[in-house]
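Inside the fold
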Amino acid sequence: MANLKNFSNIKDYHNFANLSAPKHPLISLIDYSEVKYPEDIKELKFVQEYYTIGLKRNVPYKFFYGQQEYDFDEGVMTFISPNQVLNMENNPNVNLNKELKPSGWLLCIHPDFLWNTSLSKRIKSYDFFGYVINEALFLSEKEELMMIDILKNIEKEYQANIDKFSQKIIVSQLELLLNYAERFYERQFITRNKSNHQLLERVENLLSNYFNQGDLIELGLPTVEYISNELNLSSNYLSSMLKSLTGMSTQQHIHNKLIDKAKEQLSITQSPISEIAYKLGFEYPSSFNKLFKSKTEMSPLEFRKNFN
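Described in the following lines is the structure provided in the data block. This one's a predicted model, so the numbers in the text were calculated from it and none came from an experiment.

**Describing helix 12 (residues 285-296)**
Along its twelve residues, helix 12 runs 16 Å from first to last C-alpha, staying within 8% of the 16 Å computed at 1.5 Å per residue. Among all positions of helix 12, only F288, L291, F292 and T296 are buried. Taken down its axis, helix 12 places every buried residue within 110° of arc, on the same side. Pointing more than 90 degrees away from the buried face of helix 12 are the exposed residues S286, K290 and S294.

**Remarks on the pattern of salt bridges**
Summed over the entire model, instances satisfying the criterion amount to seven salt bridges. Residues K257 and E204 are paired through a salt bridge, measuring 3.6 Å at the closest nitrogen-oxygen approach. Placement of the pair is K257 in helix 10 (residues 250-268) and E204 in helix 6 (residues 193-211), with a sequence separation of 53 residues. Since its relative accessible area comes to 27%, E204 is described here as partly exposed.

**Section: the sheet that holds strand 8 (residues 137-138)**
Read from one edge to the other, the open sheet built from five strands follows the order 2-7-4-5-8, with strand pairing classed as antiparallel. One side of each edge strand has no neighbouring strand; the edge strands of this open sheet are strand 2 (27-31) and strand 8. Note that strand 5 (residues 76-80) and strand 8 share two bridges and pair antiparallel. Across the sheet, V76 pairs through a bridge with F138, a residue of strand 8. Of the strands in this sheet, strand 2, strand 4 (51-57), strand 5, strand 7 (103-109) and strand 8 are in contact with helix 4 (residues 141-159), which crosses strand 2 at around 130°.

**So, the packing of helix 4 against helix 5 (residues 166-191)**
Between helix 4 and helix 5, the shortest axis-to-axis distance is 9 Å and the interhelical angle comes to 165°. Considering their axes alone, helix 4 and helix 5 lie roughly antiparallel with respect to each other. For helix 4 against helix 5, the interelement crossing comes out left-handed. Every residue of helix 5 that contacts helix 4 at E143, M146, M147, I150, L151, N153, I154, E157 and Y158 is listed here: S166, I169, I170, Q173, L174, L176, L177, Y180, A181, F184 and R187. When grouped by side-chain class, the residues that make up the contact of helix 4 with helix 5 number 14 nonpolar, three polar and three charged.

**Some details on the pairing of strand 7**
Extensive coverage of strand 7 is indicated by the burial of seven of its seven residues. Both faces of strand 7 are covered, namely the face carrying S103, W105, L107 and I109 and the face carrying G104, L106 and C108. In terms of strand pairing, strand 2 meets strand 7 through five bridges, oriented antiparallel. Each residue of the ladder has a partner; that of L29, found in strand 7, is L107. The sheet contact formed by strand 4 and strand 7 spans seven bridges and is antiparallel. Within strand 7, the residue paired with T52 across the bridge is C108.

Conventions adopted
Residues numbered from 1 in each chain as written. Predicted model: local features only at pLDDT ≥ 70, side-chain atom pairs only at ≥ 80, totals over all residues. Heavy atoms only, no water. Helix = DSSP H or I, 4+ residues; strand = E, 2+ residues; numbered from the N terminus. Expected span 1.5 Å × (residues − 1). Buried < 20%, exposed > 50% of the residue type's maximum accessible area, 1.4 Å probe, protein only. Arc of directions from axis to C-beta. Salt bridge = Lys/Arg side-chain N within 4 Å of Asp/Glu carboxyl O. Pairing = 2+ DSSP bridges. Contact = heavy atoms within 4.5 Å. Axes fitted to C-alpha atoms, helices over the stretch in contact; angles between N-to-C directions. Parallel < 35°, antiparallel > 145°, perpendicular 65-115°, else oblique. Left-handed = near helix turned anticlockwise from the far one by under 90°. Nonpolar A, V, L, I, M, F, W, Y, C, P; charged D, E, K, R; others polar.

Here is the structure:
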């Protein structure tokens, strides 16, 4: 069992990976081919207190990214936010196939570097920082070259003489990289159209089965976390995929299925509104009434009268 190792700053990681000291204490672009983890460590579990954007090639995916088929076999990008726990099941520097030596780049950015910039808060709105490793971004060769160019521009800027414009220029380059990542993830959702539509069908079946159980009084309403766990996906990635396919988040899909069941009960039974709300997992009828009206522009009672 691996002990949890904490990297509180970028320098700590440089030391652990046998790299020279970072040129800047708060931002560093690392050549992944130069990373050398201690060979006596067979398994590594760690948490870092900074953002890491990785673009890697020839990494042993069975350890890092799962046994899956992907659209592109060029660059693989991952986006790790502070305080995420990462687990490396095998040390990539042990028994290394020299012909398939891992390569690529790691961009480490401490949150303090973003202090007092527009990106300091907005970076949290990029959903892919909440994706898990097997939901990585797989790049075409053209996309990979674009991302590398941006990474190298960032490196050139922080290695030059720092002045009052440096932070602004680096942050603008970082925003450009993140915006391209959003675009490329959207492409990834589209190019996996068949598998994504199969996922949509699974979501619909999962929600139908949940609402048909008849014991929502005890279970309560399904949560986004429940749906994503059942599908072995992170909640962020699932919502991103569903938005790409349908324009709606996971929560909106749950609400739509709930409203369908509510309409069914309102139209085929004469049960009191409060009883229907309770059976659908609502603790308070007022919450049910509010949601129903927001989705249909009618109260449950108005819907029943119009239907009848």
